[in-house]
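Spelled out from the first residue to the last, the chains are:
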Protein chains: 2
Amino acid sequence: MKKLRQVTVIGLGLLGSSVTLTISRNSSGVKTAGYSHRAETRRRARRLGVADVIFDDIRRSVADADIVILATPICTFEDTFKTIGPALKKGCIVTDVGSTKLLPHKWAKKTLPKYVNYVGSHPIAGSEQRGVEFGRDDLFDGAACIITKDISTNLSAVQTLKKFWSSLGCRVSEMSPQQHDEILGNVSHLPHALAAAMLNASDLKQLKFCGKGFMDTSRIASGPANIWADIFHTNSANICKGIDGTIKELVKLKKAAKLKNKRQIEKLLEQAREKRARLIEYKVSKKEIQ
Amino acid sequence: MKKLRQVTVIGLGLLGSSVTLTISRNSSGVKTAGYSHRAETRRRARRLGVADVIFDDIRRSVADADIVILATPICTFEDTFKTIGPALKKGCIVTDVGSTKLLPHKWAKKTLPKYVNYVGSHPIAGSEQRGVEFGRDDLFDGAACIITKDISTNLSAVQTLKKFWSSLGCRVSEMSPQQHDEILGNVSHLPHALAAAMLNASDLKQLKFCGKGFMDTSRIASGPANIWADIFHTNSANICKGIDGTIKELVKLKKAAKLKNKRQIEKLLEQAREKRARLIEYKVSKKEIQ
């Protein structure tokens, strides 16, 4: 691709609108286009000015795009690929911001025309909030972004996308979709499962006495259930494995507590504390946190 | 008690020093005294001026106190009660800021002189930080504080303590030590177990890719392992029960994920999201969060 002229984002929630807003912030001359299947979201997106142009027709929205980014729930991707496929121009890069990557790669291979290039993207940014109103032009500042590729991925498209996400403020790394789904299953999807299970096991009357600890530990469970159901659905094997591993550690802690083995309890808690201290050290060194 | 003249805090970590600092902020004329068994902590406490006087001798520190507050790890309480008992004046109120209450009540009954009054206190405030340097005079602003009493507790001492914690900014409620330990087991100790188990089950190399979600979910696991080992040790039955309940919910989620039953996954995640939304509503109504 000689010069990036237009980026189209499909799905104008927190992530999608943050992509177009950040491109605009850069004043790079790249045109931003947006589409949402909801008329109400399109209306609000226009009012908020999150993109240069908001299309009512998904095919028209992608016709002139150099990069098309899907920012809708993962399980819509296959149908969207089918819908936009015929409208894409030759050499167009199709990507997405979904939290699992193996199935999107598979669907793209199956349904997109051969003359466009699919590459997976996963900017690790966001919050438990949703909706175009929460779009921000600094959401990607310093965020990690994983680009996924397999043996059939066009490497020049990978380079273009790396440059693109870097220009939005991301620290970009590359891996296979398999590796991505395994890692994210453990560091993102599993915490969501734990937060949800903890809430489901709890009694609202008792929770009224909770402090900041519970609120923080459970925060991600406020994320949209439909988005997360798609993530669990498309990364089920890794999530099940992660749940098993955590249950094993919970049982260890339970055994130590049951036996009132203070030395063993403290050892297990110290092991966790120590690991998190090393994690914080790393994150500070990468300026991800202060 | 006619007039509160002196409060002595034993243990000058984050919580202990925050108690004396908050009393001083109120300019109520109440003298604050502190003791730590570590010379280095006493030196730093004097330098930081966290109390009117820092004693080198624990018995002398409590001799003139109207209220004595233990702010050391729970499993030290029994010995401390034995040590300070003979030095306490008649009618003195002894309390603590420990996170479990059943055993402290039992130890107090067994070891404190009959002419002093033990009442349990649990101000639900703090953070994963530790040490006298982190003491703050606003730590208790708006925090819940649970006062625990059983059939033998002196009710006038309960009233004095309620007034005391309220003057520090707490919203005070009362319950039995049994009820306290059950509730806190679920809303505070259980999240700690989950955070620690999640970290122990995880791979530091993978964690480097984690986002804000994992950091928040795991935050409390950075708390001091010795303090938390005492909590697990003294509330083991409730914690074990809470772990069992959460494992049950994790298995439900796992089953739904394994079967790729998207409707069931979404139902479970939505149930958690909804419960947290109601919790947030409550916390906002009580001005605990904004």
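Please read these numbers as outputs of a predicted model, since none were measured by experiment.

What counts as what
- Residues numbered from 1 in each chain as written.
- Chains lettered and ligands numbered in written order.
- Predicted model: local features only at pLDDT ≥ 70, side-chain atom pairs only at ≥ 80, totals over all residues.
- Helix = DSSP H or I, 4+ residues; strand = E, 2+ residues; numbered from the N terminus.
- Rg over C-alpha atoms; globule rule 2.2 N^0.38 Å.
- Buried ≥ 20, exposed ≤ 12 C-beta atoms within 10 Å, placed from the backbone.
- Contact = placed C-beta atoms within 7 Å.
- Core = buried A, V, L, I, M, F, W, Y, C linked by C-beta atoms within 7 Å.
- Pairing = 2+ DSSP bridges.
- Axes fitted to C-alpha atoms, helices over the stretch in contact; angles between N-to-C directions.
- Parallel < 35°, antiparallel > 145°, perpendicular 65-115°, else oblique.
- Left-handed = near helix turned anticlockwise from the far one by under 90°.
- Nonpolar A, V, L, I, M, F, W, Y, C, P; charged D, E, K, R; others polar.
- Expected span 1.5 Å × (residues − 1).
- Arc of directions from axis to C-beta.
- Least-squares fit on C-alpha atoms with pLDDT ≥ 70 in both.
- Domains from an automatic or database assignment.
- Right-handed = clockwise from strand over helix to strand, strands pointing away.

(A) The overall build of chain A, seen in detail. Scanning chain A from N- to C-terminus turns up twelve helices and nine strands. In terms of C-alpha radius of gyration, chain A reaches 21 Å, essentially the compact-globule figure of 19 Å for 290 residues. Taken along its principal axes, the extent of the C-alpha atoms in chain A is 65 × 40 × 35 Å. The buried share of chain A, reckoned over its 290 residues, is 54%. Long-range contacts, defined here as pairs at least 24 residues apart, represent 74% of the contacts in chain A between residues at least 6 apart.

(B) Layout of the nonpolar core. Judged by nonpolar contacts, the single largest core of 158 residues is most densely connected at V68 and A196 of chain A together with V68 and A196 of chain B. Once residues within four sequence positions are removed from consideration, V68 of chain A is found in contact with T8, I10, V62, I84, L88, C92 and V94 of chain A.

(C) Region of the structure containing the sheet that holds strand β7 (residues 120–123) of chain B. All names here are of chain B. Ordered by their spatial adjacency, three strands build an open sheet running β7-β8-β9, and the pairing between neighbours is mixed. Looking along the sheet, the strands with just one partner apiece sit at the ends: β7 and β9 (171–175). Strand-to-strand twist of the sheet, defined as the mean angle between neighbouring strand axes without regard to direction, takes the value 20°. With four bridges connecting them, β7 and strand β8 (residues 144–148) associate as antiparallel partners. If you follow H122 over to β8, its bridge partner there is I146.

(D) How the structure looks around the packing of helix α7 (residues 177–200) of chain A against helix α11 (residues 236–258) of chain A. All names here are of chain A. Closest axis-to-axis distance for the α7/α11 pair is 8 Å, and the angle between their directions is 60°. Regarding the angle of α7 to α11, the classification is oblique. Where α7 crosses over α11, the handedness of that crossing is right-handed. On α11, the residues touching D181, E182, G185, N186, H189, L190, A193 and L194 of α7 are N238, I239, G242, I243 and T246. Of the residues contributing to the contact of α7 with α11, the split by class is five nonpolar, six polar and two charged.

(E) Up close: helix α1 (residues 14–25) of chain A. Residue and element names in this part refer to chain A. Over its twelve residues, α1 runs 16 Å from end to end, which matches the ideal 16 Å to within 8%, given 1.5 Å per residue. The element α1 is extensively covered by neighbouring structure, given that ten of its twelve residues are classed as buried. All of the buried residues along α1 are L14, L15, G16, S17, S18, V19, T20, L21, T22 and I23. Considering only its buried residues, α1 is in contact with β1 (6–10), β2 (31–35), α2 (39–48) and β4 (67–70). S27, located one to two residues past α1, shows a positive phi value of around 45°.

(F) A look at the packing of helix α12 (residues 262–285) of chain A against helix α10 (residues 225–234) of chain B. Interhelical geometry of α12 of chain A versus α10 of chain B gives an angle of 135° and a closest axis separation of 9 Å. One element, α12 of chain A, and the other, α10 of chain B, form an angle in the oblique class. The crossing of α12 of chain A and α10 of chain B is right-handed. Along the contact surface, α12 of chain A presents K262, I265, E266, L269, E270 and R273 of chain A, while α10 of chain B presents A225, N226, W228, A229, F232 and H233 of chain B. Split into classes, the residues belonging to the contact of α12 of chain A with α10 of chain B amount to six nonpolar, two polar and four charged.

(G) Highlighting the sheet that holds strand β7 (residues 120–123) of chain A. All names here are of chain A. With respect to topology, three strands assemble into an open sheet ordered β7-β8-β9, the strand pairing being mixed. Strands at the two margins of the open sheet, each flanked by one partner only, are β7 and β9 (171–175). Averaged over all adjacent pairs, the angle separating strand axes in this sheet is 20°, with direction ignored. α7 rests against β7, β8 (144–148) and β9 of the sheet, and its axis sits at about 145° to β8.

(H) Quick peek at the interface of chain A and chain B. Counting residues at the interface gives 73 residues for chain A, matched by 74 residues for chain B. Breaking the side of chain A that touches chain B down by element, the ones donating at least two residues are β8, α7, α8 (204–207), α9 (212–218), α10 (225–234), α11 and α12 of chain A. Take the side of chain A that touches chain B: its biggest share by element is 15 residues, from α12 of chain A.

(I) Geometry of unusual backbone geometry. In this structure, S27 of chain A takes a positive phi of about 45° despite not being glycine. Mapping S27 of chain A onto the fold places it in the loop between α1 and β2. Given 7 C-beta atoms within a 10 Å radius, S27 of chain A is considered exposed. Of note, K287 of chain B is a non-glycine position whose phi angle comes to about 60°, a positive value. Position of K287 of chain B relative to the elements: it lies in the segment after α12 (262–285).

(J) Seen up close, helix α4 (residues 77–84) of chain B. Residues and elements named next belong to chain B. Burial in α4 covers these residues: F77, T80, F81 and I84. Buried residues along α4 cover an arc of 105° about the axis, so they all sit on one side. In this structure, the buried side of α4 is in contact with β1 (6–10), α3 (58–62), β4 (67–70), β5 (93–96) and α5 (102–111).

(K) How the structure looks around the relation of the copies chain A and chain B. Expressed as a screw operation, the relation of chain A to chain B combines 0.0 Å of axial shift with a rotation of 180°, fitting to an RMSD of 0.0 Å. Such values leave the two copies arranged in the relation of a two-fold axis. By C-alpha distance to the rotation axis, the residue of chain A lying nearest is T217 of chain A, at 2.0 Å.

(L) Layout of the domain arrangement of chain A. Residues and elements named next belong to chain A. Domain annotation of chain A identifies domain 1 (6–175) and domain 2 (180–285). For domain 1 versus domain 2, the separation of C-alpha centres amounts to 30 Å. Listed per partner, the contact involves 14 residues of domain 1 and 16 residues of domain 2. Contributions of two or more residues to the side of domain 1 that touches domain 2 are made by α5 (102–111) and β8. Classifying every residue of the side of domain 1 that touches domain 2 by side-chain character gives seven nonpolar, four polar and three charged.

(M) Representation of the pairing of β4 of chain B. Residues and elements named next belong to chain B. On β4, burial covers both faces: I67 and I69 on one face and V68 and L70 on the other are all buried. The sheet contact formed by β4 and β5 spans four bridges and is parallel. Directly across from I67, in β5, lies its bridge partner I93. At this point the chain moves from β4, through α4, to the parallel β5, and the crossover so formed is right-handed.

(N) Representation of the environment of A87 of chain B in the model. Residues and elements named next belong to chain B. With respect to the secondary-structure elements, A87 resides in the loop between α4 and β5. Spatially, the C-alpha atom of A87 lies 5.4 Å from that of A63, the residues being 24 residues apart in sequence. Ignoring sequence-local partners within four residues, the contact set of A87 consists of R59, V62 and A63.

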